[in-house]
Amino acid sequence: MGVVVRIQVSQGGVPKRPVPRAVVGPLGIEGDAVAHPQVHGGPDRALCRFSEELIERFRSEGHPIQPGDLGENLLLRGIDWSVLKAGDLLRIGAEVEIELTKPTTPCAAIGRAFTGGDFSRIDPVKHPGEHRWYARVRRGGAIAEGDEVTVGS
């Protein structure tokens, strides 16, 4: 079981900023926008999620990464990122259910989070299990920081 550490939104682009609670709909978190809708967003890329433990590991490697720098909407703790796969279901709080769709491909927009701008540090091919995940919303509703997260399939 994991927990929602942060919920993050922006008017497009990075970094995303924290909000204590939010409503999740079919296209993601209400009030969140993406800078390049041809690449991000839509039903199969409604949410972007990442791991607080991975941010901590990257910092220990010397990267200046901060929560929100990678454009993640949900920062989670306590989930074994290395075993996640497309199709896994995550239940968040009492209402929300999301389905992992695919790993995200990093781009230069997040380069400032990495030493020397090397955003390939979270490339899913080069670093399996250390990347962000896109998800579709199966059931929307309210979420808040501190909500429990369970993984199933």
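Above this text you will find the structure in question.
Trainee: Would you mind going over unusual backbone geometry with me for this structure?
Mentor: What you tend to see is this: most non-glycine residues have negative phi, and most peptide bonds are trans. Residue Pro-15 is bonded to the preceding Val-14 through a cis peptide linkage, with omega at 0°. Considering the arrangement of structural elements, one finds Pro-15 in the loop between strand S1 (2-9) and strand S2 (17-19).

Trainee: How do you make sense of the nonpolar core when you look at a structure like this?
Mentor: One recurring pattern in soluble globular proteins is that nonpolar side chains are buried together. The biggest cluster of nonpolar side chains holds 34 residues, and the ones touching the most others in it are Phe-50, Leu-74 and Ile-98. Put simply, the parts of the chain that give this core at least two residues each are S1, strand S3 (21-25), strand S5 (47-51), helix H1 (52-60), strand S6 (74-77), strand S7 (89-92), strand S8 (96-103) and strand S9 (133-139). In this structure Phe-50 touches Ile-55, Phe-58, Leu-70, Glu-72, Leu-74, Leu-75, Leu-76, Trp-81, Ile-122, Glu-130, His-131 and Arg-132, once residues within four positions along its chain are discounted.

Trainee: Before we go on, may I ask you to explain the pattern of salt bridges in this structure?
Mentor: Should their charged atoms come close, side chains of opposite charge can pair. Counted by the stated rule, this structure contains 12 salt bridges. By sharing partners, the salt bridges in this structure join Asp-44, Glu-99, Arg-136 and Arg-138 into a single network.

Trainee: Mind showing me how you'd approach the sheet that holds strand S4 (residues 28-29) here?
Mentor: Note: strands within a sheet are paired through backbone hydrogen bonds, in either parallel or antiparallel orientation. Pairing is antiparallel in the open sheet, where 3 strands are placed in the order S4-S3-S10. Each edge of the sheet is formed by a strand with only one pairing partner; in this case those strands are S4 and strand S10 (141-144). In terms of strand pairing, S3 meets S10 through 4 bridges, oriented antiparallel. In the sheet register, Val-24 faces S10, and the bridge partner there is Gly-141.

Trainee: How do you make sense of the pairing of S7 when you look at a structure like this?
Mentor: Side-chain direction in a regular strand flips from residue to residue, so the side chains alternate between the two faces of the sheet. For S7 and S8, the ladder comprises 4 bridges, and the chain directions are antiparallel. From the neighbouring strand, Ile-92 faces S8, where its bridge partner is Val-96. Counting the residues that bridge the hairpin from S7 to S8 gives 3 residues, and of these Gly-93 lies at a positive phi of roughly 60°. Taken together, the 4 bridges between S7 and strand S11 (residues 148-152) define a ladder with antiparallel strand orientation.

Trainee: Would you mind going over the side chain of Asp-147 with me for this structure?
Mentor: Topologically, Asp-147 is positioned in the loop between S10 and S11. With no salt bridge to any partner, buried Asp-147 finds its closest opposite charge in Arg-21, at an N-O distance of 8.4 Å. Within the structure, Asp-147 has its side chain in polar contact with the backbone nitrogen of Ala-144 (distance 2.9 Å). Those residues within four positions of Asp-147 in sequence are excluded, and the remaining contacts are Gly-2, Val-3, Val-4, Ile-92, Gly-93 and Ala-142.

Trainee: Just to check I follow, could you spell out the packing of aromatic side chains for this structure?
Mentor: Under the definition given, this model contains 3 aromatic pairs. Centre to centre, the rings of Phe-50 and Phe-58 are 6.1 Å apart; their planes meet at 35°, and the pair counts as tilted. In this pair, the class of Phe-50 matches that of Phe-58, namely buried. Its relative accessible area of 0% is what places Phe-50 among the buried residues. Joined through ring pairs, the aromatic side chains of Phe-50, Phe-58, Trp-81 and Phe-114 make up one cluster.

The rules behind these values
Residues numbered from 1 in each chain as written. Predicted model: local features only at pLDDT ≥ 70, side-chain atom pairs only at ≥ 80, totals over all residues. Heavy atoms only, no water. Helix = DSSP H or I, 4+ residues; strand = E, 2+ residues; numbered from the N terminus. Core = buried A, V, L, I, M, F, W, Y, C linked by side-chain atoms within 4.5 Å. Buried < 20%, exposed > 50% of the residue type's maximum accessible area, 1.4 Å probe, protein only. Contact = heavy atoms within 4.5 Å. Salt bridge = Lys/Arg side-chain N within 4 Å of Asp/Glu carboxyl O. Pairing = 2+ DSSP bridges. Lys, Arg positive; Asp, Glu negative; His and termini not counted. Polar contact = N/O pair within 3.5 Å; in protein donor to acceptor, adjacent residues only side chain to side chain. Phe/Tyr/Trp six-rings, centres within 6.5 Å; stacked < 30°, edge-to-face > 60°.

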